[in-house]
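# Remarks on the overall topology
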Amino acid sequence: MSDSQPQQPSHSPRSGHGEGGTHGPADVPGTHGSSGRPARTSGTGSAAAGAGAGAGSGSAAAAEATTLLLAGARLTDGRTVDVRLSGGRIQAVGTAGSLPSPALSRVDLGGYLLLPAPAEPHAHGDTALTADGEGPVSYTPDEVQRRATEAALLQLGHGATAVRSHVRIADVHGLGPMEAVLQARRSLRGLTDLTAVAVPRLLTGVAGADGLAMLRDAVKMGASVIGGCPDLDPDPTGFLEAVLDLAAEHGCPVDLHTDGDDPGRLARLAAMAGGLRPGVTIGPCGGLSRLPLDVAARAADQLAAAGVRVTCLPQGDCAALERRGLRTAPVRLLRTAGVRVCAGSGALRDAGNPVGRGDPLEAAYLLASQGGLRPGEAYASVSAAAREAMGLPEVRVEAGFPAELLAVRGDRIAGVLSLAYSRIVIHRGRVVARTSAVREYCDSAVAVALDLPRQGRTEAGP
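Report follows, based on the coordinates. If you're wondering where the values come from, they're calculated on a predicted model, not measured in any experiment. (Residues numbered from 1 in each chain as written. Predicted model: local features only at pLDDT ≥ 70, side-chain atom pairs only at ≥ 80, totals over all residues. Heavy atoms only, no water.)

## As for the sheet that holds strand S10 (residues 193-199)
Quick reminder of the rule: At least two DSSP bridges between two strands are needed for those strands to be called paired. Working definition: helices are DSSP H or I runs of at least four residues, strands are E runs of at least two. Numbering for both runs from the N terminus. Between N-to-C directions, angles cover 0 to 180 degrees, with each direction set by a line fitted to C-alpha atoms, over the stretch in contact for helices. Two residues qualify as a contact provided that any one of their heavy atoms is within 4.5 Å of a heavy atom in the partner residue.
What the eight strands build is an open sheet, ordered S8-S9-S10-S11-S12-S13-S14-S15; its pairing is parallel. Bordering the open sheet on either side are strand S8 (120-123) and strand S15 (341-343), each of which pairs with just one other strand. Sheet twist, expressed as the mean angle between neighbouring strand axes with direction ignored, is 25°. With respect to the sheet, helix H3 (residues 176-187) is in contact with strand S9 (162-168) and S10, its orientation differing from that of S10 by roughly 170°.

What follows is the structure in structure tokens.
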């Protein structure tokens, strides 16, 4: 089955563009009632409701006022339930048919498993979708904003309702990429929550003075996380000191790139980071898998004691690090030591991975198929653990929790990770994206005799 990019619905906003613009009611994919018939695509398709530069604070407020009923959803404990959403939160969960809703918008989730939505803790929106381009990559603000927006919508279509994007600053492009990603964040408000990590290359010595000044400016502009790659600085310890001092000054979390192949450097990081709140995350740490087992275990114990989280990238390293090997961080060893581990997608069709999908469920699939985790643990690494690493509130399919949800066709997590084709994404209590897949077998005598499974259209296609 082919992938397709999120398409904007055919309706137009009533008035206004930008952060203060307001929209008319969107044709919400998969809902019936006041929003009318769902938008349809043939075969495999994807839609992002209300996508575009005009998705501002007005549409976000309208979305949170919407009441929506999710009917006949299956939960991971085997129950089939109705779920009512209102005000951006889960208002009620009851047995199927127990929540009457004659005036509510309704989404039929029969045949779908309802899960807390995943989050993407490690993206690179400024470099995404550049692998196929000819010539030098453009870093004009318009191009970076377009790439960051398209990448976030692709990740939203896969189910990630929150994205943490690492953005390079300093060098020849200065703060331009950061300005562009922050503009993309504003334009996507109400569809997905995009946060920016400021990633300087150098912070020490004469060459690092400009990087440190720009890092301060990036935080003032709106970068909410401080990042970077100590491995690439001539003085990794000095780099860490600069980052941690600035983070403590501004109360920002830290999210650093490191291969993790130097146990002494990891020990110093753990010793320095132990007291920082709201915390330190490192990744992708593939180099830990190349260390002797006892050395890696000792490093894991030190990270756990310091409360340092690890974001692994099962699909491979990102372009921020020189590729030293495609091994994933030793997730089971880290978890056994008590390290809080989440998983990200990393490169999305850029120099780090020209075929990267930006799909959290693919990361979970790889952890289940190759990383030694059970399917539920693997999914938690891209949902609950990812949200915790990003400082987001916990999500459960229970009353009172945020309505950040993903419905995937299937009845168990293992099946969902194996064949995660059809998805319905819910952000702040409304459907914001839907991907539909139709599989049909030819009408042969053999197919009929074998009673092959079939996903057919319930109405005539276009």
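Still more to cover.
## Remarks on the packing of helix H6 (residues 263-273) against helix H7 (residues 293-306)
In a packed pair of helices, the relevant descriptors are the angle between the two axes and the axis-to-axis distance. For clarity, the cut-off: Convention used here: angles under 35 degrees read as roughly parallel, angles over 145 as roughly antiparallel, angles from 65 to 115 as roughly perpendicular, and any remaining angle as oblique. By definition, turning the near helix anticlockwise from the far helix through less than a right angle yields a left-handed crossing, and turning it clockwise yields a right-handed one. Gly counts as polar in this scheme, as do all residues outside two lists: the nonpolar Ala, Val, Leu, Ile, Met, Phe, Trp, Tyr, Cys and Pro, and the charged Asp, Glu, Lys and Arg.
One way to put it is that H6 packs onto H7 with a least axis distance of 8 Å and a crossing angle of 15°. Looking at the two axes, H6 sits roughly parallel to H7. Handedness of the H6/H7 crossing: left-handed. Between H6 and H7, the residues in contact are Pro263, Leu266, Ala267, Ala270 and Ala273 and Val295, Ala299, Gln302, Leu303 and Ala306, respectively. Among the residues making up the contact of H6 with H7, the classes are represented as nine nonpolar, one polar and no charged.

## Digging into the nonpolar core
Defined as follows: What is meant by a nonpolar core is a set of buried Ala, Val, Leu, Ile, Met, Phe, Trp, Tyr and Cys residues, joined one to another through side-chain atoms within 4.5 Å. Only protein chains enter the accessibility calculation, which uses a 1.4 Å probe; a residue is then buried when its area is under 20% of its type maximum, exposed when over 50%, and partly exposed in between.
Met178 and Ile282 are the most contacted members of the largest nonpolar core, which has 81 residues in total. Among the nonpolar cores identified, the runner-up in size contains 21 residues, and Val81, Ile90, Leu114 and Ile424 belong to it.

## Section: unusual backbone geometry
With an omega of 0°, the peptide bond between Gly283 and Pro284 qualifies as cis. One can find Pro284 in strand S13 (residues 280-284). Its identity as a non-glycine residue notwithstanding, Leu129 has a phi of 65°, on the positive side. Following the sequence through the fold, Leu129 ends up in the loop between S8 and helix H2 (141-158). Despite not being glycine, Ala170 has its phi angle at roughly 65°, a positive value. Tracing the chain through its elements places Ala170 in the loop between S9 and H3. Ala170 sits in the buried class, given a relative accessible area of 12%.

## Observations concerning the pairing of strand S17 (residues 423-427)
The element S17 is extensively covered by neighbouring structure, given that five of its five residues are classed as buried. Judged by which residues are buried, S17 turns out to be covered on both faces: Arg423, Val425 and His427 on one side and Ile424 and Ile426 on the other are all buried. Pairing between strand S16 (residues 405-409) and S17: four bridges, direction antiparallel. When the bridges of S17 are listed, Leu405 appears paired with Ile426. Two elements, S17 and strand S18 (residues 430-436), share five bridges in a ladder whose sense is antiparallel. Bridging from a neighbouring strand, Val425 pairs with Ala433 of S18. The turn linking S17 back onto S18 is made up of two residues, and Arg428 within it adopts a positive phi angle of 55°.

## Digging into the pattern of salt bridges
Spelled out, the test is: A carboxyl oxygen of Asp or Glu within 4 Å of a side-chain nitrogen of Lys or Arg is what we treat as a salt bridge.
Here the structure, examined in full by the defined rule, presents 16 salt bridges. Across the pair Arg164 and Asp255 runs a salt bridge, and its minimum N-O distance is 2.8 Å. Of this pair, Arg164 sits in strand S9 while Asp255 sits in strand S12 (residues 254-258), and the two are 91 residues apart along the sequence. Taking the relative accessible area as the measure of exposure, Arg164 reaches 3% and is therefore buried. A cluster of three or more residues bridged by salt bridges with shared partners is formed by Glu143, Arg146 and Glu150.

## A closer look at helix H10 (residues 375-382)
Side chains three or four residues apart in an α-helix point the same way, a direct result of the helix having 3.6 residues per turn. Going by this rule: Directions pointing from the helix axis toward each C-beta atom define the arc.
For H10, the complete set of buried residues consists of Ala378, Tyr379, Ser381 and Val382. The buried residues of H10 all sit within an arc of 150° when viewed along its axis, so they share a single face. Where H10 is buried, its residues contact strand S7 (112-116), S15, helix H9 (360-369), helix H11 (384-389), S16 and helix H12 (413-418).

## Remarks on the environment of Pro354
Along the polypeptide, Pro354 turns up in the loop between S15 and H9. Residue classification places Pro354 among the partly exposed residues on the basis of a relative accessible area of 45%. When the C-alpha atoms of Pro354 and Ala131 are compared, they prove to be 5.3 Å apart, with 223 residues separating the residues in sequence. Not counting residues within four places of it along the chain, the set of residues in contact with Pro354 comprises Ala131 and Arg349.

## Quick notes on the packing of aromatic side chains
Here is the rule we go by: Working definition: a ring pair exists when centres of Phe, Tyr or Trp rings (six-membered ring for Trp) sit within 6.5 Å. Plane angles under 30 degrees give stacked, over 60 give edge-to-face, the rest tilted. Both a distance and an angle decide whether a charge sits over a ring: NZ of Lys or CZ of Arg must be within 6 Å of the ring centre and within 35 degrees of the ring normal.
Considering all chains together, one arrives at zero aromatic pairs under this definition. A cation over an aromatic ring shows up here: Arg147 above the ring of Tyr139, its NZ or CZ 5.2 Å from the ring centre.

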